[in-house]
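# Structural overview
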Amino acid sequence: KQALTVPRLRAMKSQKKPIAMLTAYDYPSAMLAEEAGVDIILVGDSLGNVVLGYDTTVPVKLEDMIYHTRAVVRGAPGTMIVTDMPFATYRLGPESTLRNAARIMQEGGAHAVKLEGGEELADEIRLLTSAGIPVVGHIGLTPQSVLQIGGYRVQGKSSQEAEKMLADAKALEQAGASAIVLELVTEELAAAVTHSIGIPTIGIGAGRGCDGQVLVYHDVLRYGSGIRDKKMVKSYANIGDTIRNALTEYVEEVRTKAFPEEKHSFPMDSSQSQSSGL
Ligand code: KIV
Ligand code: NA
């Protein structure tokens, strides 16, 4: 299988082929995402929330993103991999942004990076794209700024906010971005942004008018204890309950000595060779 390319991603918008993006953070999640046929895997800094147990994405480091990107690339060698640049690894000027993005590409193996923010990032995005690094933008609710924003609320409800978001989307496209994630944006505004630019929009909590959708792996599967019910999420399985039930049964069987049984054990004088019996 061949990974999606940037020109092909753009073509999907003009051909009205919806783009299916999903996060993944390690080898098995990436492998299953690739087997499911997702177009793009996002190694999101939501890693901080759903895998590392932080309250926000702020504590996630560049090294964390590189480490997890490497595992994802091994699991999904035929899928486009986009990795989030974490908190304060960009915005410090184009050169340091390029240095950090290059580490994500060279050490991590990602095909593109994603940055949260609007037209104030234009210079940094221009340098990245001129250096050959595809960039995905991210506007609307930007979780790295949650402490400044004061909560996870829907963006673009006032006409002033809406105009700013349209201007940001155009500035990102102008600077060379290949796609833009729209998070927690009203359906009307997300559709307007989508129509106003030539690059695909990928929505999360942004309604039906985007060129693609993205969800967090653990939300889709209800995998983990901190999964809140969010209006924007659809869960397609309840893996958390499945795992907890299986683990509870295992613990119970160890305590009652129901496991292991004879068939799991290796007698001294078996005709089976010990190595092939594993
Ligand atoms: O980190 C992440 O998972 C994201 C998506 C929610 C877009 O940025
Ligand atoms: Na993110």
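Note that the coordinates shown come from a computational prediction; the quantities given were computed from them, not determined experimentally.

Moving on, we get to the sheet that holds strand β4 (residues 112–116). With respect to topology, eight strands assemble into a closed barrel ordered β1-β2-β3-β4-β5-β6-β7-β8, the strand pairing being parallel. Sheet twist, expressed as the average angle between the axes of neighbouring strands with direction ignored, equals 25°. Strand direction decides the pairing type here: strand β5 (residues 135–140) and strand β6 (residues 179–183), joined by five bridges, are parallel. In the sheet register, Gly140 faces β6, and the bridge partner there is Glu183. Across the sheet, helix α9 (residues 187–196) touches β6 and β7 (201–204), and the angle it forms with β7 is around 165°.

Below, the discussion takes up the UniProt feature "binding site: 3-methyl-2-oxobutanoate" (unreviewed entry) in the protein. The positions UniProt marks with the feature "binding site: 3-methyl-2-oxobutanoate" (unreviewed entry) are Asp45, Ser46, Asp84 and Lys114. The annotated residues occupy 70 residues of the chain but converge on a single region, no pair of C-alpha atoms lying more than 12.4 Å apart. Mapped onto the elements, Ser46 comes out in the loop between β2 (40–43) and α3 (47–50). Tracing the backbone shows Asp84 in strand β3 (residues 80–84). For Asp84, a count of 29 C-beta atoms within 10 Å translates into the label buried. Among all residues touching Asp84, those that are not within four sequence positions of it are Val43, Gly44, Asp45, Met65 and Lys114.

With respect to burial, β6 is a largely interior element, five of its five residues being buried. Burial of β6 is two-sided: the residues Ala179, Val181 and Glu183 facing one way and the residues Ile180 and Leu182 facing the other way are all buried. The pairing of β6 with β7 spans four bridges and is classified as parallel. Paired with Leu182 across the two strands is Gly203, which belongs to β7. Read from β6 through α9 to β7, the crossover connection turns out right-handed.

Turning our eyes to something else, we now look at α9. Within the span of α9, buried status applies to Leu189, Ala190, Val193 and Thr194. Taken down its axis, α9 places every buried residue within 140° of arc, on the same side. Counted as exposed and oriented over 90 degrees from the buried face of α9: Glu188 and His195. Where α9 is buried, its residues meet α8 (159–175), β6 and β7.

Parameters at a glance
- Residues numbered from 1 in each chain as written.
- Chains lettered and ligands numbered in written order.
- Predicted model: local features only at pLDDT ≥ 70, side-chain atom pairs only at ≥ 80, totals over all residues.
- Pairing = 2+ DSSP bridges.
- Helix = DSSP H or I, 4+ residues; strand = E, 2+ residues; numbered from the N terminus.
- Axes fitted to C-alpha atoms, helices over the stretch in contact; angles between N-to-C directions.
- Contact = placed C-beta atoms within 7 Å.
- UniProt positions renumbered as here; feature names shortened; annotations may be inferred.
- Buried ≥ 20, exposed ≤ 12 C-beta atoms within 10 Å, placed from the backbone.
- Right-handed = clockwise from strand over helix to strand, strands pointing away.
- Arc of directions from axis to C-beta.

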